[in-house]
Amino acid sequence: MNYFPDEVIEHIFEYVGSHRDRNALSLVCRSWYRIERCTREKVFIGNCYSITPERLIQRFPSLKSLTLKGKPHFADFSLVPHGWGGFVYPWIEALAKGKVALEELRLKRMVVSDESLELLSRAFPNFKSLVLVSCEEFTTDGLAAIAANCKWLRELDLQENEVDDHKGQWLSCFPDSCTSLVSLNFACLKGEINTGVLERLVARSPNLKSLRLNRSVPLDALQRILARAPQLVDLGVGSLVHDPAMETFAKLMTTMNKCKSITSLSGFLEVTPRCLTAMYPILPKLTSLNLSYAAGIPGSDLIKLIRHCKKLQRLWIMDSIGDKGLGVVANTCKELQELRVFPSDNIGQHAAVTEKGLVAISMGCPKLHSLLYFCHQMTNAALITVAKNCPNFIRFRLAILDATKPDPDTNQPLDEGFGAIVQSCRRLRRLSLSGQLTDKVFLYIGMYAEQLEMLSIAFAGESDKGMLYVLNGCKKLRKLEIRDCPFGNTALLTDVGKYETMRSLWMSSCEVTVGACKVLAMKMPRLNVEIFNENEPADCEPDDVQKVEKMYLYRTLAGKRKDAPEYVWTL
Amino acid sequence: MEKVGLNLEATELRLGLPGSADEHDEKLSSCSYSSSSSSSVVIRSNKRSSPEESIDDEEELKSNKRTMISHHNDDQDKNVPPSKAQVVVGWPPIRSYRKNNGVQQQQQEQKKKGEEVYVKVSMAGAPYLRKIDLNFYNTYQQLLLALENMFNCTFGEYSEREGYNGSEFAPTYEDKDGDWMLVGDVPWNMFISSCKRLRIVKESEAKGLGCL
């Protein structure tokens, strides 16, 4: 390869897309490092505090697409206090200053101000795609700026963000000349939108493939919009409530019949069982179905609907479908790859899901590789069966609603069950545990989970040994998050070098003390060790023997961050 | 003199919340709002308690369901695993967006909006009427279960074409216009805002009621 001119190598590198492969290329030799960095267009940064934007821009001058993640994962569950960080503005500012030709920005768990959206919309003339997942602080004013100023906008995808609705009509800010939209998702917005404006926008967007509406878009508007966009591939229904005027409903069914391309369906933020029948024409072609927000649909209706979805690969549903319903899924959806079952609050005792539903799924859906399962109980026998039936799991997340519940049949902890999972699923990359668990499960994980990258532990284990098994055994571990476990200083400090091989470690309500964190911070200067002190006044130095309520540490080349709030101490 | 066999309890006049006697609890438990799926179990009777207490219940509900503020920290041993009755921050691990905007929240908001809406419930052949609080329920499923228990009857499976087929009884209601309608045709919110009273009729009577 040394004798190839750079252009040839560049050309070859064009075919290498994935971040990991690209990272590997850059490590081969100096010239490959140089060529790779000059040609890389997409960069993924899993922790926005691991590097400074300036350094990023310096290394990758051709940067066009940036993905950033901010807050730690447990922020999703209200474990990270407000104001922790993850501000995107400094990044956008730096990219603008560095004259980066940014086209795409994807953010997760970051704080996005209207100011940053406004700057984004004006600083990058070629900007095409904005994806915000679980972000906060922006309002519809910021969206208005994006709509108004991004001439070539193709994608505006807002997923599960907390957005303040200011009465201004952000949708109207898309100019008449904007005809480039391919994907528009505003399902998480709470406010009203002007359906006439939306219809006109859809009408002038011939490339629109994905459209996800919010709750304010009623059935009749949905029908009119779909009539103008029969080419849609991905639809998010807003409100599907029985319209007293039967005619509109009939019209909708006719229109649905003409939507021959829809393969992904979601939304149903407000829906009545009767209106679900309007979806029947498109069910046979669906590969992805998300009914996890469809409140109040009885299990029987869900079952009736699922029977039509023979091509489903991804299903997100509520546990009101019940074990019986999961049996129907198992018999119908033979292509199923990803399943998420969310807890509904509002169910009779008999409608919840247990280990039986999961076993049924494992028997009927051999291609299953991703699972998120909230259930009332789980048994070792069931997990062992599931492990045998589905050896292909990549992501396995089990959340038993009573976090420390043992196997109800044997009253034993679930060590053996999860042990079977890690032993059988050699490709497992992500695992979340729950139920009563001793140190033994961690012994199994350390022994068998060779590809494990992310592990979430809650209310489990008996001693430091548990955590040590994991740190010693899982060579590919990148993210470890632990809450309410009896792991302490010995576990934390035995192998400090390990943390530089990982992205981050979260420990809350464990047995780790301030003193131990200080030792760790001193030994490892390239780690930021943050402890959160919500209860004490800011200038009160904690005692070394005091237990740490919350600790988050991560490797970084950026040094101590300057935007931490008062309650965060970086040691 | 023994009082055995007189079953004085049944005729005893007592001050206390309805459903506080054991036998009542069994009947009511199936229509109680038990939420073992969230991290706390709240078993309630189908009646609101006195105004002061109901405020506390609301608060408890709020803190249980939405913010899930933990009582943890200094006093409690942190490594005591949560029993069903304790409230734990962040468990079950559901994204706060989903918690705030999903099923539970919608229903919380509905509940907050309405005060108690008591309506009379009559049944052909019963000696006296009953009253229930419509706002206590969130879906038809819950309401019908409660009615089935209260009157010891069963409704069949609801279908749009045939109403409650396959059973002796069907639930109907009188709406704002004074018409008698079959329960289940319209969205829940529309139903509770227009329902003036309920009546459980024999299936043969119900067949005549408008479905289309």
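Residues numbered from 1 in each chain as written. Chains lettered and ligands numbered in written order. Predicted model: local features only at pLDDT ≥ 70, side-chain atom pairs only at ≥ 80, totals over all residues. Heavy atoms only, no water.

**Some remarks on the overall build of chain A**
Here's step 1: The helix and strand tally for chain A stands at 20 helices and 23 strands.
Here's step 2: Its C-alpha atoms give chain A a radius of gyration of 25 Å, within 12% of the compact-globule value 25 Å for 571 residues.
Here's step 3: Principal axes of the C-alpha set define a box for chain A whose edges measure 70 × 65 × 60 Å.
Here's step 4: Within the span of chain A, comprising 571 residues, buried residues form 60% of the whole.
Here's step 5: Long-range contacts, defined here as pairs at least 24 residues apart, represent 72% of the contacts in chain A between residues at least 6 apart. (Helix = DSSP H or I, 4+ residues; strand = E, 2+ residues; numbered from the N terminus. Rg over C-alpha atoms; globule rule 2.2 N^0.38 Å. Buried < 20%, exposed > 50% of the residue type's maximum accessible area, 1.4 Å probe, protein only. Contact = heavy atoms within 4.5 Å.)

**Thoughts on the overall build of chain B**
Here's step 1: Per the secondary structure count, chain B includes 8 helices and 7 strands.
Here's step 2: Looking at the 212 residues of chain B, the share that counts as buried comes to 45%.
Here's step 3: Taking the contacts inside chain B whose residues are at least 6 apart along the sequence as the reference set, 54% of them involve residues at least 24 apart.
Here's step 4: Entry remark: accessible area of chain B is about 12,200 Å², with carbon and sulfur atoms responsible for 51%. (Areas by Shrake-Rupley, 256 points an atom, 1.4 Å probe, with all protein chains shown as cover.)

**Digging into the side chain of Ser116 of chain A**
Residues and elements named next belong to chain A.
Here's step 1: Locating Ser116 in the fold gives a position in helix 6 (residues 114-123).
Here's step 2: Given the relative accessible area of 0%, Ser116 is considered buried.
Here's step 3: A polar atom in the side chain of Ser116 sits 2.6 Å from the backbone oxygen of Ser113.
Here's step 4: Those residues in contact with Ser116 that sit more than four places away from it in its chain are Val88, Tyr89 and Ile92. (Polar contact = N/O pair within 3.5 Å; in protein donor to acceptor, adjacent residues only side chain to side chain.)

**Re the confidence of the model for chain B**
Residue and element names in this part refer to chain B.
Here's step 1: Averaged over chain B, the pLDDT score is 64; the fraction of residues at 70 or greater is 48%.
Here's step 2: The model gives residues 1-5 a pLDDT under 50, and that stretch makes 1 contact with residues more than four places away or in other chains.
Here's step 3: pLDDT under 50 marks residues 19-80. Its contacts with residues more than four places away, or in other chains, come to 120 contacts.
Here's step 4: Overall fold confidence (pTM) sits at 0.77, and the ipTM for the predicted complex is 0.87. (pLDDT = per-residue confidence, 0-100.)

**Points about the sheet that holds strand 1 (residues 118-123) of chain B**
Residue and element names in this part refer to chain B.
Here's step 1: Strand order in this open sheet of 5 strands is 2-1-7-5-6, and the pairing throughout is mixed. At either margin of the open sheet sits one strand with a lone partner, and together these are strand 2 (130-133) and strand 6 (180-182). Strand-to-strand twist of the sheet, defined as the mean angle between neighbouring strand axes without regard to direction, takes the value 35 degrees.
Here's step 2: Pairing between strand 5 (residues 169-174) and strand 6: 3 bridges, direction antiparallel. Bridge pairing in strand 6 places Glu174 opposite Trp180. (Pairing = 2+ DSSP bridges. Axes fitted to C-alpha atoms, helices over the stretch in contact; angles between N-to-C directions.)

**Overview of the nonpolar core**
In globular proteins that are soluble, nonpolar side chains generally tend to be buried together.
Here's step 1: Core analysis: the largest hydrophobic core is formed by 191 residues, its most contacted members being Phe396, Ile445 and Leu505 of chain A.
Here's step 2: If we skip the residues at most four places from it in the chain, Leu505 of chain A touches Met467, Leu480, Ile482, Leu492, Tyr499, Met551, Tyr552 and Leu553 of chain A.
Here's step 3: Core analysis: the second largest hydrophobic core is formed by 30 residues, Val119, Leu147, Cys153 and Phe155 of chain B among them. (Core = buried A, V, L, I, M, F, W, Y, C linked by side-chain atoms within 4.5 Å.)

**Describing the pairing of strand 3 (residues 104-108) of chain A**
All names here are of chain A.
Here's step 1: The pairing of strand 2 (residues 65-69) with strand 3 spans 5 bridges and is parallel. Looking at the pairing, Lys69 lines up with Lys108 of strand 3.
Here's step 2: Read as a crossover between parallel neighbours, the route from strand 2 over helix 5 (residues 89-97) to strand 3 is right-handed.
Here's step 3: Judged from the 5 bridges that link them, strand 3 and strand 4 (residues 129-133) form a sheet pairing that is parallel. Directly across from Glu104, in strand 4, lies its bridge partner Ser129.
Here's step 4: Following the chain from strand 3 across helix 6 to the adjacent parallel strand 4, one finds a crossover that is right-handed. (Right-handed = clockwise from strand over helix to strand, strands pointing away.)

**Let's talk about helix 13 (residues 322-332) of chain A**
Given 3.6 residues per helical turn, the α-helix brings residues three or four places apart onto the same face.
All names here are of chain A.
Here's step 1: Among the 11 residues that make up helix 13, 9 are buried, leaving the element largely enclosed by the rest of the structure.
Here's step 2: All of the buried residues in helix 13 are Gly322, Asp323, Gly325, Leu326, Gly327, Val328, Val329, Ala330 and Thr332.
Here's step 3: Looking at the buried residues of helix 13, the elements they touch are helix 12 (299-306), strand 13 (314-318), strand 14 (338-342), helix 14 (355-364) and strand 15 (370-375).

**Details of helix 17 (residues 439-448) of chain A**
Residue and element names in this part refer to chain A.
Here's step 1: Burial within helix 17 is extensive, with 7 of its 10 residues counted as buried.
Here's step 2: For helix 17, the complete set of buried residues consists of Asp439, Val441, Phe442, Tyr444, Ile445, Gly446 and Tyr448.
Here's step 3: Put simply, Thr438 is the residue that caps the front of helix 17, since its side-chain oxygen is 3.1 Å from the backbone nitrogen of Lys440.

**Some points on the packing of aromatic side chains**
One pair of aromatic rings is described through two measures. These are the centre distance and the angle between the planes.
Here's step 1: Inspection of the entire model under this criterion finds 25 aromatic pairs over all chains.
Here's step 2: Consider the rings of Trp84 of chain A and Tyr552 of chain A, whose centres lie 5.8 Å apart with planes at 70 degrees: the pair is edge-to-face. Residue Trp84 of chain A is found in the loop between strand 2 and helix 5, and its partner Tyr552 of chain A is found in strand 22 (residues 550-555); the two are separated by 468 residues along the sequence.
Here's step 3: Trp84 of chain A gets classed as buried once you look at its relative accessible area, which sits at 1%.
Here's step 4: An aromatic cluster is defined as three or more aromatic residues linked by ring pairs; in this entry it consists of Tyr49, Phe74, Phe77, Trp84, Trp506, Phe532, Tyr552, Tyr554 and Tyr567 of chain A.
Here's step 5: Residue placement shows Arg98 of chain B over the ring face of Tyr293 of chain A; its charged tip is 4.3 Å from the ring centre.
Here's step 6: When the ring centre of Phe342 of chain A is taken as origin, the NZ or CZ atom of Arg98 of chain B, which lies over that ring, is 3.6 Å away. (Phe/Tyr/Trp six-rings, centres within 6.5 Å; stacked < 30°, edge-to-face > 60°. Lys NZ or Arg CZ within 6 Å of the ring centre and 35° of its normal.)

**Notes on unusual backbone geometry**
Here's step 1: Residue Pro92 of chain B is bonded to the preceding Trp91 of chain B through a cis peptide linkage, with omega at -5 degrees.
Here's step 2: Along the chain, Pro92 of chain B turns up in the loop between helix 3 (51-67) and helix 4 (96-101).
Here's step 3: Despite not being glycine, Phe459 of chain A shows a phi value in the positive range, around 50 degrees.
Here's step 4: Residue placement: Phe459 of chain A occurs in the loop between strand 18 (454-458) and helix 18 (464-473).
Here's step 5: If you check the backbone angles, Ser509 of chain A has positive phi at about 50 degrees while not being a glycine.
Here's step 6: With respect to the helices and strands, the residue Ser509 of chain A is situated in the loop between strand 20 (504-508) and helix 20 (514-523).

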